[in-house]
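Results of the structural survey
What follows is each chain in one-letter form.
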Amino acid sequence: MGMADVATVLFTRFLKYDPQHPEWPDRDRFILSAGHGSMLLYALLHLTGYPDMTMEQIRNFRQMGSRTAGHPEYGEAPGIETTTGPLGQGVANAVGMALAERLMNAHYGDDLVDHHTYVVAGDGCLMEGISQEAITFAGHMKLRKLVLLFDDNGISIDGPTSLSTSEDQQGRFAAAGWDVQAVDGHDPDAVAAAIEQAKATDTPSMIACRTTIGYGAPNKAGTSATHGAPLGDEEIAGARLQLGWSHPPFTIPDDIAAAWRDAAAARAGDFRAWADRLKSLDPEAQKEFARVVAGSLPEGFAAAIEEIKQGFAAEQPKLATRASSGKVLDRLTEAVPEMIGGSADLTGSNNTKAEGFTPVTPGDFSGRYIYYGIREHGMAAAMNGMALHGGVIPYSGTFLVFTDYCRPAIRLSALMKQRVIYVMTHDSIGLGEDGPTHQPVEHVAALRAMPNVNVFRPADATEVAECWALALATADTPSVLALTRQGLPHLRESYVAENMCARGAYVMAEANGARKATLLATGSEVHLAMEARASLEDAGIPTAVVSMPCWELFAAQPADYQQQVLGNSGVRVAVEAAAGFGWERWIGGQGDSGGVFIGMKGFGASAPADELYKHFGITADAIVDAVKART
């Protein structure tokens, strides 16, 4: 109710959209970061004629099976550009969308890509720490096509915002390099003039729209009582009287409905003009633009992966998997030009800057590498916005331990089914001397617990290449690549065309005879399992080694394949330099009748990696002893 006047101005006078072509690539993006106001978005989509947002959907607000969830959910209906609700995420998504627009504009020009991103944010969005990361990054990058409409109503759930903050939001945005204006949010002409000015600046713009929450409610307007609870029959009756609205519930008078549809129809000319410009391109250029926007991989992608794998098979490199990933990216980014990389101030450690990449800068968006600064959460949420925008495939890196900072955005990647690739290096105690503050222990298990996230922990350079192939080829699932700091031997001795990681786990080395032991491992511990196998085979204990780079993909395999890999007999021993949570699924319950887990049972310590592995008992000898004790 409080932002209805602002939204009306935006949708009837400025926003570039066409309800009949809701996925049009050059449409303006509208993000409701203050997702608790979801009915405002649903009402706008209904009034402007989006086919899926019927009055029946409006009636079924927040009901099972409806498109009108309590907070906007991407994929439920066209016109919902992102999932919002966790406050501040929409602001950072909008920054990512505005960045993707500039990146595509630098490549395709104004004729095909030239649109704005508008985001409505409330006090809660701006209190969340992610907003500061997003705001300062956008200001630094001079994302001039980004307009933030601040619902400046001074109210949060607990009451007046003065209970918890005295921040000067306008001063804050100005300090971050934004153009700043302040208007009466209930004065349509003032709002229109402000948006007009915002579109003319060479920086992102913030318009502080002073509004009254629950506008029109005679007793509750301007109070926290209107924030989330229903107004109640008496207050609704009073609001109807005060606003002069006498029509029955869920009834839009014909003249008002026609005015809204006419306003939307007037915007449709922009789509037709854009479509004509696209058709004027040669057929190959049209085909390539359509491919990139659709998110399909180019024809040369598979050949690039095979070339990389053949090179590793010939070289047999001993590399940290983060270094292997860097080599993969050098070749892969040539084959997939829409890949856009970055890092949260750890470029040299994450190896995410591919050969030939130039930085994206405020004056030049033709580069393909983004220096996000120490803004892990903002980086992750911006990548969500980039993926949602389309036309680019974002990947970026930080240390695995800092997935704690990224987690809310990773969860939304999963919820929205977006191809966002998180390159998370320094994945265990193997990072060494930086100590327990930087050594992830519980993080892999925590990420595996999240639905619709593929967590890859490759064991050598070839597995790295295969995991990258899977991350890029899976368009509806985000991926986390957990990569080592320390060097690892190359375990795959010869080239195999099949992507062995595609089924999540596979037998790297079979037992010589009927299995008496199966060693399950991921990442940097697979080579320890291979060393232990050699000793056990010499001792007459037939032992198989299973590499399990991705539990999620393995869990999706048929039961007979799982049984084939895990084996039907003998003891199972799992080895991972991380917490053991979840391994019981694959080794059975621990104890006398179950399998054995060798890994971390607490936090790490500061010491060289080799010493840490010995100290915590994650060694080939420990694996051998565990097997012998049970055979």
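Refer to the structure above for everything that follows.
Description of the structure in this document. (Residues numbered from 1 in each chain as written. Predicted model: local features only at pLDDT ≥ 70, side-chain atom pairs only at ≥ 80, totals over all residues. Heavy atoms only, no water.)

Details of the pattern of salt bridges
Evaluation of the coordinates by the stated rule reveals 20 salt bridges. For Glu338, the salt bridge identified is with Arg291, shortest N-O distance 2.8 Å. Residue Glu338 is located in the loop between helix H13 (321-335) and strand S9 (339-343), and its partner Arg291 is located in helix H11 (residues 283-294); the two are separated by 47 residues in the primary sequence. Of the two residues, Glu338 and Arg291, both sit in the buried class. Among the salt bridges present, the one from Glu510 reaches Arg515, with a minimum N-O distance of 3.0 Å. (Salt bridge = Lys/Arg side-chain N within 4 Å of Asp/Glu carboxyl O. Helix = DSSP H or I, 4+ residues; strand = E, 2+ residues; numbered from the N terminus. Buried < 20%, exposed > 50% of the residue type's maximum accessible area, 1.4 Å probe, protein only.)

Section: the sheet that holds strand S19 (residues 571-579)
With mixed pairing, 5 strands are arranged side by side in an open sheet as S16-S18-S17-S19-S20. If you trace the sheet from one side to the other, it starts and ends with strand S16 (506-509) and strand S20 (596-600), each paired once. Put simply, the sheet's adjacent strands are angled 25 degrees from each other on average, direction ignored. Relative to the sheet, helix H19 (residues 526-538) contacts S16, strand S17 (517-521) and strand S18 (543-547), its axis offset from that of S18 by approximately 170 degrees. (Pairing = 2+ DSSP bridges. Axes fitted to C-alpha atoms, helices over the stretch in contact; angles between N-to-C directions. Contact = heavy atoms within 4.5 Å.)

Structural notes on the sheet that holds strand S1 (residues 29-32)
Read from one edge to the other, the open sheet built from 5 strands follows the order S1-S2-S3-S7-S6, with strand pairing classed as parallel. Taken across any chain shown, the strands that pair with only one partner, and hence form the sheet edges, are S1 and strand S6 (179-184). For this sheet, the mean angle separating the axes of adjacent strands, direction not counted, is 20 degrees. Pairing between S1 and strand S2 (residues 117-122): 4 bridges, direction parallel. In the strand pairing of S2, Phe30 is matched with Tyr118.

Considering a negative patch on the surface
Among the surface-exposed residues, Glu433, Asp434, Asp610 and Glu611 lie close enough to one another that they form a single negatively charged patch. With respect to the helices, strands and loops of the structure, Asp610 is situated in helix H23 (residues 609-615). Note on Asp610: relative accessible area 61%, which makes it exposed. (Patch = residues over 30% accessible without salt bridge, like charges linked within 9 Å, V, L, I, M, F, W, Y side chains within 5 Å. Areas by Shrake-Rupley, 256 points an atom, 1.4 Å probe, with all protein chains shown as cover. Lys, Arg positive; Asp, Glu negative; His and termini not counted. Charge placed at Lys NZ, Arg CZ, Asp CG, Glu CD.)

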